[in-house]
Amino acid sequence: MTILNVVGARPNFMKVAPLHRALEQHDRFDSKIVHTGQHYDEQMSDVFFNQLELPRPDVYLGVGSGSHAEQTARVMTAFEEVVEDMEPDLVVVVGDVNSTLACALVATKLHVPVAHVEAGLRSGDRRMPEEINRLVTDRIADYLFVTEQSGIDHLRQEGVSDDKIFFVGNLMIDSLVHFREKAADTSIVEDLGVEEGTYALMTMHRPANVDHEEGVRALLQIIEDIAAERSLVFPMHPRTRNRFEEFGLGDELTSIEGLRLLGPLGYLEFLRLMETAAVVVTDSGGIQEETTFLEVPCLTLRDHTERPVTIEAGTNELLPLDPARVVERVREVAPTEPSAERPPYWDGRAAARIVEAFEAEDHEASIPAS
C-alpha cells in the first residue's frame with residue numbers, strides 16, 4: 001500500500017515525522033514523502049528534516065511563495081503529475097496550509113482516497129485562509145483524524161458520518177514526546193544568556209497581526225514593554241521581519257535592550273526555549289498545543305482559536321493586539337506554574353492509532369462517546 005505523505009509548511013514536518021516512522025515499521029505500507037516546497041529554505045526546511053530524522057523527500061515540487069491562488073494552483077499542477085506517475089493508494093495531508101487543500105483536491109479528482117490529519121478544527125473566522133483550507137479539505141477527505149473533541153463535534157454538525165471520523169490524538173505531541181529529551185541537550189538557552197523560567201518567548205507571523213502598519217507598531221510596543229521587564233527571545237518569521245523593514249521600524253526593533261532577536265530556529269532549539277520559558281506570546285496554532293502539554297503559560301494574540309481544548313486546559317488565553325493588556329497579562333502569568341490537564345490521547349501514540357485505523361476494517365470504536 002503506497003502512501004504519499006504531503007509536507008508543505010514548517011508545522012507539517014513535526015506531524016508527518018512520527019507518522020512516517022510508524023508506517024515504516026509495517027511491511028504492508030510503503031510510505032513516501034512529498035515536499036511541496038511551500039516553505040523552503042535551509043532554516044525552515046532542511047534543518048527540520050535533519051532534526052526530525054526524516055529521510056530526504058521522495059519528491060520535491062519546489063512551488064515557492066506567491067498569492068494563495070498562485071501557490072495553490074502551482075501545487076495542484078505539480079502534484080497531479082506525481083499522483084499520476086506514482087499511483088498511490090492513499091494521500092495523507094496534514095494541518096491547514098495551502099498544500100493541504102491543493103493536494104487533497106488533486107487526489108480526490110484522481111479518485112485516490114485522502115486522509116486529513118487534524119480534521120475538524122474550526123476557528124469560526126472565514127477571514128483566515130487556514131479556515132477555508134480546513135473546511136474544504138474535510139468535505140472531500142475519506143479519513144478524518146481528529147486531535148480533540150471539538151473536532152468530532154464540528155464534523156458531526158457539518159453532517160460527516162461517524163465512519164469517517166477517527167479520534168487519534170495529536171501528532172505534534174508525538175514529536176514533542178519523542179524529541180523532548182534530545183531538545184534538553186541543546187545549548188540554546190545558555191548560548192542566549194537567558195535564565196530558565198524567567199524569560200518570555202515570542203512568535204508572530206499571522207497576516208492579521210503583521211500585514212498592516214498599525215499592527216506592527218502595536219507589536220513593537222509590546223516587545224519594548226516586555227523587554228523592559230524581562231529578557232525576550234523572538235525568533236522572527238521572515239514575513240514579520242519583512243514587515244518591520246517595510247514600515248520603517250527595523251532599526252527601532254533591533255535597538256531594544258533585553259531583546260534577543262533571532263532568525264527561524266530548528267525544532268529542537270525552539271522546543272527547548274518553549275519548555276524553559278516563563279511565558280510564550282504567539283499567534284501560532286501549534287504552539288498553543290505544545291505549551292498545553294508542557295504546562296507553560298501561553299498568550300495567543302488572536303480573536304479566535306481553532307484549538308479550544310488549549311483554553312479549557314487552562315494554559316492558553318486569547319488576547320487582542322493591545323500592548324497594555326498583553327504586557328499586563330505577561331506580568332501576571334509569568335510567575336505562575338499552571339497545572340494543565342492534558343487532553344485525551346495526547347500521549348505520543350497518535351501515529352500508532354492512525355496506522356491501526358489504516359489496517360482496521362471496523363473503526364467505529366475509535367470514536368469515544370462525546
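Up top you'll find the structure we're talking about.
Because the structure is predicted, anything quoted here is derived from the model rather than measured.

Rules and cut-offs
Residues numbered from 1 in each chain as written. Predicted model: local features only at pLDDT ≥ 70, side-chain atom pairs only at ≥ 80, totals over all residues. Heavy atoms only, no water. Helix = DSSP H or I, 4+ residues; strand = E, 2+ residues; numbered from the N terminus. Rg over C-alpha atoms; globule rule 2.2 N^0.38 Å. Buried < 20%, exposed > 50% of the residue type's maximum accessible area, 1.4 Å probe, protein only. Areas by Shrake-Rupley, 256 points an atom, 1.4 Å probe, with all protein chains shown as cover. Lys, Arg positive; Asp, Glu negative; His and termini not counted. Charge placed at Lys NZ, Arg CZ, Asp CG, Glu CD. Phe/Tyr/Trp six-rings, centres within 6.5 Å; stacked < 30°, edge-to-face > 60°. Contact = heavy atoms within 4.5 Å.

Time to look at the overall build of the protein chain. What the protein chain contains, in helices and strands, is 17 helices and 13 strands. Taking 2.2 N^0.38 as the reference for a compact globule, 370 residues should give roughly 21 Å; the C-alpha atoms of the protein chain span a radius of gyration of 20 Å, in line with that estimate. Its C-alpha atoms put the protein chain at 55 × 40 × 40 Å along the principal axes. Burial statistics for the protein chain: of 370 residues in total, 58% are counted as buried. Surface exposure of the protein chain reaches about 15000 Å², of which carbon and sulfur atoms provide 45%. Mean positive and mean negative side-chain charge positions of the protein chain (33 and 66 charges, respectively) differ by 2 Å.

Moving on, we come to the packing of aromatic side chains. When we look at a pair of aromatic rings, we describe it by the centre distance and by the angle of the planes. Here the structure, examined in full by the defined rule, presents eight aromatic pairs. Ring geometry for Tyr143 against Phe358: centres 5.4 Å apart, planes inclined by 90 degrees, an arrangement best described as edge-to-face. Note that Tyr143 is positioned in strand E6 (residues 143–146) and Phe358 in helix H17 (residues 350–359), a separation of 215 residues in sequence. Taking the centre distance of 5.6 Å and the plane angle of 80 degrees together, the rings of Phe145 and Phe358 count as edge-to-face.

The next point concerns the environment of Arg302. By the secondary structure assignment, Arg302 is in the loop between strand E12 (298–300) and helix H15 (309–312). Counting along the chain gives 34 residues from Arg302 to Thr336, while the straight-line C-alpha distance between them is 22 Å. Ignoring anything within four residues of it in the chain, the contact list for Arg302 reads Met128, Arg206, Asp283, Ser284, Gly285, Gln288, Leu318 and Leu319.

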